[in-house]
Amino acid sequence: MKGSRNSLKMSNDKMMVCGVVVVLILVGLYFLVTNNNLLEGFDSAPMELNHITSKPNPGSNDVILMLFYVEWCPHCVSTKPEWAKLVEGKNGSQVNGKNVTVASCNCEGSEVEQETARDNNVQGYPTIKCIKEGETLDYNGPRDFDSLSAWVNEVCA
């Protein structure tokens, strides 16, 4: 009889531990579901950018800044809001006498976009390039508006 009481106590202890584990899992799931923005500054909502409809062909006075991205990449998702600010601030403007176009290329988008990504040897995401007459420059700095804007001024010098 004494042995059955000990086994009953162990069963109750195991049930208690299982109950606590289930509650912790449910609390964690609730947190994940209600807080889809887990990283500060990370916006997971889809964002439409100004996509290219033809291959870039800059003239002698043109500078094209291109964001090459894919929708499933978390780094691309976090770059897109900063890129949208650059589009708003610099697209269609003149910097140091150069006509600036700021555009986007979804590397898994239209055939034109896929071909442009291949032509520009895009290997990772996001990739940012400056396409000028006769040359293409890679951007390797921070993906924030201020850094990107400063780079625009450099490539247009």
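Here the structure is a predicted model, which is why all the values come from computation and not from measurement.

Rules behind the numbers
Residues numbered from 1 in each chain as written. Predicted model: local features only at pLDDT ≥ 70, side-chain atom pairs only at ≥ 80, totals over all residues. Heavy atoms only, no water. Core = buried A, V, L, I, M, F, W, Y, C linked by side-chain atoms within 4.5 Å. Buried < 20%, exposed > 50% of the residue type's maximum accessible area, 1.4 Å probe, protein only. Helix = DSSP H or I, 4+ residues; strand = E, 2+ residues; numbered from the N terminus. Contact = heavy atoms within 4.5 Å. Phe/Tyr/Trp six-rings, centres within 6.5 Å; stacked < 30°, edge-to-face > 60°. Pairing = 2+ DSSP bridges. Axes fitted to C-alpha atoms, helices over the stretch in contact; angles between N-to-C directions.

### Examining the nonpolar core
Logical step 1: Membership of the largest hydrophobic core comes to 31 residues, with the highest contact counts inside it found for Leu65, Met66 and Trp83.
Logical step 2: Elements supplying a minimum of two residues to this core: strand S1 (62–69), helix H2 (74–90), strand S3 (98–106), strand S4 (127–132) and helix H4 (145–155).
Logical step 3: The element that contributes the greatest number of residues to this core is S1, accounting for seven residues.
Logical step 4: Look past the residues within four positions of leucine 65 in its chain and what remains in contact with it is Trp83, Leu86, Val100, Thr101, Val102, Ala103, Lys129, Cys130, Trp151, Val152 and Val155.

### Some points on the packing of aromatic side chains
Logical step 1: Tallied over the full model, the rule gives two aromatic pairs.
Logical step 2: A centroid spacing of 5.9 Å and a plane angle of 85° characterise the contact between tryptophan 72 and tyrosine 125, whose relative ring orientation is edge-to-face. Taken together, the residues span a long stretch of sequence, with tryptophan 72 in the loop between S1 and H2 and tyrosine 125 in the loop between helix H3 (111–119) and S4 at a distance of 53 residues.
Logical step 3: Seen from their ring centres, tyrosine 139 and tryptophan 151 are 4.8 Å apart, and the 50° between their planes marks the pair as tilted. Residue tyrosine 139 is found in strand S5 (residues 135–139), and its partner tryptophan 151 is found in helix H4; the two are separated by twelve residues along the sequence. We note that tyrosine 139, like tryptophan 151, is buried.

### Section: the pairing of S1
Logical step 1: Of all the eight residues making up S1, seven are buried; the element is thus mostly covered by neighbouring parts of the structure.
Logical step 2: For S1 and S3, the ladder comprises eight bridges, and the chain directions are parallel. Counted as the bridge partner of isoleucine 64 is threonine 101 from S3.

### Here's the deal with the sheet that holds S5
Logical step 1: Spatial strand order, S2-S3-S1-S4-S5: five strands in an open sheet with mixed pairing. Both outer strands of the open sheet, strand S2 (94–95) and S5, are each paired with one neighbouring strand and no more.
Logical step 2: Strands S1, S2, S3 and S4 of the sheet are contacted by H2, whose axis makes an angle of about 160° with S1.
Logical step 3: Sheet strands in contact with H3 are S1 and S3, and its direction is about 110° off that of S3.

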